[in-house]
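Take a look at the letters that make up each chain.
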Amino acid sequence: MSEKSAGTVSAPQPDKKYPLPKLSAPKMPRGTLYRGNTGMWSWVLHRITGVAIFFFLLVHILDTALVRVSPEAYNAVINQYKTPIMGLGELGLVVAIGFHALNGLRIILIDFWSVGPRYHKLMFVVVILLWIVLLVGFTPRHLMHVFGG
Amino acid sequence: MTTVDVETPRSPRRAERSGRGINLEKWGWIYMRASGVVLVVLIFGHLFVNLVAGEGVKAIDFAFVAGKWADPFWVVWDTLLLWLALIHGANGMRTIVNDYASNELLRRIFKGALVVSTVVLLILGTLVIYTFDPCPDVSADQLELLPSFCGVGA
Ligand code: HEM
């Protein structure tokens, strides 16, 4: 609708005195912790690891409950945890819970520490580094237990 | 002709409140964080003692569990771990169901399943810890599976 009609107010037209502001579209929406980049990927990983740990916990409560059935039943099932395939599964579990725990602490610091939101990226780097340290410490020892004599 | 009430668009959604004005969603949010801090200690301690120390996973059997639960320290530790982790996980799963299950009926079914499985496992797990018998009656060929403090085991 280009024609002016009674009762409507048209927007001021840009001219020399009021030129259109020069804006470049940002690649990412600014001021959000949770869309794109580290914020989003840490959230995706946090969610996937949370679900995985939850389902493991359901199974783990049930297998532990076998101590009330008989020593034989409990040992038979728990011996499955000592096989190579389940040994790798335990490694996967520690990988998942290590990330979820460290990143969970990062979420808590973002929410409660006054400068948390400012350092959320730096803290993500710290989370990844601590995660690697944890796994470098755990992996050889666990693989030795599972595969070694 | 019937008239239809159309809500004012873009009116802020009021937080769902239970009867006495307790904001359950807020307490759930706080619970996720409070339990998370405690769970870091409980879980890393649990993983260290069961998977890293000594012979790791290879050492776990009935006698190992009996040895741990002979100490009230590990009874309390495991009880806290059970309750805090299961409720934390179930509440997290509730968030995820709310995010992805857009069908009202499906959402109810998922959340109902979460409540039922959580309550059943909390009761089961707690009973297992507190009715545990480290020296149960077993047939002669299983005596060696009992912890040594039963006086008959290996
Ligand atoms: C190791 C210590 C843990 C810490 C520090 C931790 C921390 C957190 C935090 C801060 C959240 C975010 C809650 C929110 O945004 O409102 C969360 C979500 C979640 N956690 Fe944990 N958690 C831990 C252990 C666990 C365990 C053992 C389970 C499983 C039984 C679990 C399952 C979940 C799930 C399913 C979610 C929801 C994820 C989502 O909404 O995207 N967490 N956790």
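Right above here is the structure, for reference.
Residues numbered from 1 in each chain as written. Chains lettered and ligands numbered in written order. Predicted model: local features only at pLDDT ≥ 70, side-chain atom pairs only at ≥ 80, totals over all residues.

Thoughts on the overall build of chain B
When helices and strands are counted, chain B shows 4 helices and 0 strands. Secondary structure elements of chain B, listed N to C terminal, follow the sequence α-α-α-α. Here the C-alpha radius of gyration of chain B, 23 Å, is well above what a compact globule of 154 residues would show, namely 15 Å. Along the longest, intermediate and shortest principal axes, the C-alpha atoms of chain B span 85 × 30 × 30 Å. (Helix = DSSP H or I, 4+ residues; strand = E, 2+ residues; numbered from the N terminus. Rg over C-alpha atoms; globule rule 2.2 N^0.38 Å.)

Quick look at the interface of chain B and chain A
For an interface, size is often stated in terms of accessible area lost upon the parts coming together. In this complex, chain B contributes 34 residues to the contact, which on the side of chain A involves 34 residues. When residues of the side of chain B that touches chain A are traced back to their parent elements, those giving at least two are α1 (24-52), α2 (62-69), α3 (72-100) and α4 (104-130) of chain B. (Contact = placed C-beta atoms within 7 Å.)

Digging into the site of the ligand
Not every one of the 28 residues close to the ligand is listed here, only the nearest: A:Gly50, A:Gly104, B:Gly36, B:Gly89 and B:Gly92. Per-class residue counts for the shell around the ligand are 17 nonpolar, 9 polar and 2 charged. (Near = placed C-beta within 6 Å. Nonpolar A, V, L, I, M, F, W, Y, C, P; charged D, E, K, R; others polar.)

Here's the deal with the environment of A:Thr139
Note that A:Thr139 resides in helix α4 (residues 120-147). Taking the C-alpha atoms as reference, A:Thr139 lies 9.1 Å from A:Val94; in sequence the two are 45 residues apart.

Side note on the environment of A:Gly39
Residues and elements named next belong to chain A. Within the secondary structure, Gly 39 is located in helix α1 (residues 37-65). Using a count of 17 C-beta atoms within 10 Å as the deciding quantity, one classes Gly 39 as partly exposed. Sequence spacing of Gly 39 and Phe 99 is 60 residues, and the spatial spacing of their C-alpha atoms is 14 Å. (Buried ≥ 20, exposed ≤ 12 C-beta atoms within 10 Å, placed from the backbone.)

A word on α2(B)
By the burial criterion, the buried members of α2(B) are B:Phe62, B:Ala63, B:Val65 and B:Ala66. For α2(B), the angular spread of the buried residues around the axis is 160°, confining them to a single face. On its buried face, α2(B) sits against α2 (71-80) of chain A. (Arc of directions from axis to C-beta.)

The values reported here are purely geometric and, on their own, carry no functional implication.
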